[in-house]
Amino acid sequence: MKGSYYIFSMGQISRKDNTLRFTNEEGDTKDLPIENIEEIYFMSEITLNSSFLNIVSQNGIVLHFFNYYSFYTGSFYPKEKLLSGQLLVRQVGHYTDSKKRLVLAKKFIQAASANIYRNLRYYNGRGKDVAEQMQQVINYRKQIDELSSVTELMGIEGNIRRSYYSAWNIIIDQEIEFDKRVMHPPDNMINTLISFVNTIIYSKVLTEIYHTQLNPTISYLHEPGSRRFSLCLDLAEIFKPLIGDRVIFSLLNRNQITERSFEKELNFLHLTKKASQKIMQEIDSCMSRTIMHKELGRNVSYQYLIRLEAYKLVKHLLGEKEYCGFEIWW
C-alpha cells in the first residue's frame, strides 16, 4: 500500500531514471521507491526541477511544502486524472443551491461535534471532569437542525469549539495555559501545536480527495475562495478530533512534547525539527491504525476512512445515497 514520505533535511530532489533521488546538504544520496509513495512532505528548504515534477505528476504523487518554521506553505496538486463533468456540475449545484449547501454544512458539523463529544466523554471516563463541557456541546448540537444559514451554523461551530477548548487544560496533564484558539499567528505552545497538526490533517485530506473525482476547491461549510482547497477544510473538521486532537493529547500527556519542543527564542511559536519529526511519526502511526468498518465488514485504516468520506460525498452529490459524516463509535 502506498504511503507518505517525509523529508526534514535541506537538499535536492530529482528524477533518477524511473524513480526519485534525494541528495542532502552533505552530498549523501537516497533513492526513493516511487511506486510506494502517495505523498511527500518537504519540511525544509528543497531544490527541485520540472523533470521531478513531471514524474511525480505522472505517478499521482501530491507534494506538501512547509517552511523552516514548520508552517504550511502550499501543495503541488498533480493534473487530475479522475475527471467527471457530471460530478463537477452536481458539486457546483449543491453549493449554489443554498438549501442543498446547508444540508451538507450541517452534516459536517454534526459529525465533527459528535467526535468532539466522544473525545470529552473518553477523558471524562478517565478521571478528567469535563462534564460541564460535555453538556454544553450537547446543548449546542441540539440547535444545529434549527439553523437556517451557514453563517448561523459557523457561529454554533465556534461555540462548540470554545466549549471544547475550555476542557483542554483539564485533559492535558502539563501545566500549559490555554484559554482560546488563536491562529494568525498562534500565541502559545498549544496553539502552535494545533496549527501544525491541523495543517497535516488538511494536507492528508487533500491527498485523499485527489484520488476521487471531487474538486477540492468547491466546499459547503467553508466559503470557497482563492488560493485554498476549501473542501479539505470541510472534511478535515470531521477528522481533526479523531486524529489530530488525540495525537496532541497523547504526545503532551506522555511528555513526548514539552516546552523544550519549541524554539524558546521565538516565543515558543515554532516547533523544533525533532518535535516536528516526532509529531509526524505519531500521526503516521495513527493514520495506519485500522478499525473494523461497520458497513464494509472489514478492517480499514484511518487514512482510508478519509477517502471513504470523500466517496460518500460523491454518492450524495450524484443522488445515490444521502451523506452522513463519520462519527466515532468507540
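Cut-offs applied
Going along each chain's sequence as written, the residues are numbered from 1 onward. Where totals are concerned, whole chains, interfaces and linings use all residues; where local detail is concerned, this predicted model gives features only for residues with pLDDT of at least 70, and gives and counts side-chain atom pairs only at 80 or more. Side-chain numbers here rest on the full set of heavy atoms in the structure, without hydrogens or water. For two strands to be treated as a pair, DSSP must find no fewer than two bridges joining them. Put simply, DSSP H or I for four residues or longer makes a helix, DSSP E for two residues or longer makes a strand, and each gets a number counted from the N terminus. With axes taken as lines fitted to C-alpha atoms, and helix axes fitted only over the stretch in contact, angles between N-to-C directions fall between 0 and 180 degrees. Each angle gets one of four labels, with under 35 degrees taken as roughly parallel, over 145 as roughly antiparallel, 65 to 115 as roughly perpendicular, and the rest as oblique. Throughout, a residue-residue contact means that at least one pair of heavy atoms, one from each residue, lies within 4.5 Å. Under this grouping Gly is polar, as are all residues other than the nonpolar Ala, Val, Leu, Ile, Met, Phe, Trp, Tyr, Cys and Pro and the charged Asp, Glu, Lys and Arg. The rule is simple: take the accessible area with a 1.4 Å probe, protein chains only, and divide by the maximum for that residue type; under 20% is buried, over 50% is exposed, in between is partly exposed. Pairs of cysteine sulfur atoms within 2.5 Å are what we label disulfides. Counted as salt bridges are all cases of a side-chain nitrogen of Lys or Arg within 4 Å of a carboxyl oxygen of Asp or Glu.

### Observations regarding the sheet that holds strand β2 (residues 11–16)
Move 1: Taken in spatial order, the 4 strands make up an open sheet running β4-β3-β2-β6, and their pairing is mixed. The sheet is open, and its two edges are formed by β4 (29–32) and β6 (46–47), each paired on a single side.
Move 2: Strand direction decides the pairing type here: β2 and β6, joined by 2 bridges, are parallel. Residue pairing for β6: G11 is matched across the bridge by I46.

### A look at the packing of helix α2 (residues 85–96) against helix α10 (residues 302–317)
How two helices sit against one another is set out by the angle between their axes and by the gap between those axes.
Move 1: Interhelical geometry of α2 versus α10 gives an angle of 85 degrees and a closest axis separation of 9 Å. In terms of orientation, α2 and α10 fall into the roughly perpendicular class. Of the residues in α10, those in contact with L87, R90, Q91 and H94 of α2 are V314, H316 and L317.
Move 2: Taken together, the residues that form the contact of α2 with α10 break down as 3 nonpolar, 3 polar and 1 charged.

### Notes on unusual backbone geometry
Move 1: Even without being a glycine, D17 presents a positive backbone phi close to 60 degrees.
Move 2: The topology assignment puts D17 in the loop between β2 and β3 (19–24).
Move 3: Among the residues examined, D17 registers a relative accessible area of 59% and is labelled exposed.
Move 4: The phi angle at N255 is positive, at roughly 60 degrees, despite the residue not being glycine.
Move 5: Its place among the elements puts N255 in the loop between α8 (230–253) and α9 (273–288).

### What about the state of the cysteines?
Move 1: Tallied over the full model, the rule gives 0 disulfides.
Move 2: Cysteine C232 shares no disulfide, and the gap to the nearest cysteine sulfur, in C286, comes to 18 Å.

### Considerations on the sheet that holds strand β5 (residues 37–42)
Move 1: Pairing in this open sheet of 4 strands is mixed, and the strands run β1-β5-β7-β8 from one edge to the other. Bordering the open sheet on either side are β1 (3–7) and β8 (72–76), each of which pairs with just one other strand. The sheet shows a mean angle of 20 degrees between the axes of neighbouring strands, direction not considered.
Move 2: Judged from the 4 bridges that link them, strand β7 (residues 62–66) and β8 form a sheet pairing that is antiparallel. Bridging across to β8, F66 finds its partner in Y72.

### What to know about the pattern of salt bridges
Move 1: For the coordinates displayed, the defined rule picks out 14 salt bridges.
Move 2: A salt bridge links E309 to K312, with the nearest nitrogen and oxygen atoms 3.0 Å apart. Of the two residues, E309 and K312 are both situated in helix α10; the distance of 3 residues between them amounts to about one turn of the helix.
Move 3: Look at K312 and you get partly exposed, because its relative accessible area is 28%.
Move 4: It is possible to trace a salt-bridge network through shared partners that takes in E157, R161, E237 and K240.

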